[in-house]
Amino acid sequence: MSAEEDFKQVGAELADLGVRIYRMMGRPALKDQAGKVFASLQRDGAMVFRLVRETPEHAAALRLAGASLFDPSGQGREMKDWVVVPHTSAGQWTDLAEAAHSRPR
C-alpha cells in the first residue's frame, strides 16, 4: 500500500477512539476528540507522532530504522516529543498512533 493508504488505515483503526483525519497545512493529520493533532503524514511518506520524550514508546520509535526526531524547519531545531517514522515501518504506525493518542498533552 502507499503511505497515504497506510495512513488512512491507521485513522480507520482508531476511529472508535474518536480519532478523525483532518488536513493541516495541506497534509493529512490525526486529531483526537479535543481537536489536538497527535500524528501526521509527511510529504516524503513518513509519519510523525507526538510520543513524549523519555517514554518507552518514544525510545522504541527512535530505534526503528530511519526514524528521527522531527525537525520541521530543517534547521536543527528538533521537536523532541515528536518522532518521524518512515513508511518502511508502517507496520508499527497503528501502535505508535495509539501510544501518541493516549499520552497527555
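Please refer to the structure placed before this passage.
None of the values given here were measured: they were computed from a predicted structure.

> Describe the environment of alanine 99, and please don't skip the residues or the numbers.
Mapped onto the elements of the fold, alanine 99 is located in helix H3 (residues 93-102). Taking C-alpha positions, alanine 99 is 6.9 Å from glutamate 57, a pair spaced 42 residues apart along the chain. For alanine 99, the residues in contact, after removing those within four places along its chain, are Leu51 and Glu57.

> I'd like to hear about the packing of aromatic side chains, residue by residue, with values.
How two aromatic rings sit relative to each other is set out by the distance from centre to centre and by the angle between their planes. A full pass over the atoms with the stated rule returns 0 aromatic pairs. A cation over a ring is seen here: lysine 31 above tyrosine 22, with NZ or CZ 4.5 Å from the ring centre.

> Before we move on, can you summarise helix H1 (residues 3-13) with the specific residues and values?
Every buried residue belonging to H1 is among Ala3, Asp6, Phe7, Val10 and Gly11, and all of these are buried. For H1, the buried positions fall inside an angular range of 145° around the axis, keeping them on one side. Where H1 is buried, its residues contact strand S1 (20-24), strand S2 (27-31), strand S3 (37-41), strand S4 (47-50) and H3.

> Go over the side chain of threonine 94, please, and point to the residues and values.
Secondary-structure assignment places threonine 94 in helix H3. The exposure class assigned to threonine 94 is buried, which follows from its relative accessible area of 15%. Excluding anything up to four places from it in sequence, threonine 94 contacts Val10 and Glu13.

> How would you explain the sheet that holds S4 if you had to name every residue and give the values?
Taking strand neighbours across the sheet as the criterion, the 6 strands line up as S1-S2-S3-S4-S6-S5 in an open arrangement whose pairing is antiparallel. Across the chains shown, the open sheet's two edge strands, defined by having one partner strand only, are S1 and strand S5 (68-70). In this sheet, neighbouring strand axes are inclined to one another by 35° on average, regardless of whether the strands run parallel or antiparallel. The sheet strands contacting H1 are S1, S2, S3 and S4, and the helix crosses S2 at an angle near 15°. This element, helix H2 (residues 56-63), spans S5 and strand S6 (79-85) of the sheet and lies at about 45° to S6.

Rules and cut-offs
Residues numbered from 1 in each chain as written. Predicted model: local features only at pLDDT ≥ 70, side-chain atom pairs only at ≥ 80, totals over all residues. Heavy atoms only, no water. Helix = DSSP H or I, 4+ residues; strand = E, 2+ residues; numbered from the N terminus. Contact = heavy atoms within 4.5 Å. Phe/Tyr/Trp six-rings, centres within 6.5 Å; stacked < 30°, edge-to-face > 60°. Lys NZ or Arg CZ within 6 Å of the ring centre and 35° of its normal. Buried < 20%, exposed > 50% of the residue type's maximum accessible area, 1.4 Å probe, protein only. Arc of directions from axis to C-beta. Pairing = 2+ DSSP bridges. Axes fitted to C-alpha atoms, helices over the stretch in contact; angles between N-to-C directions.

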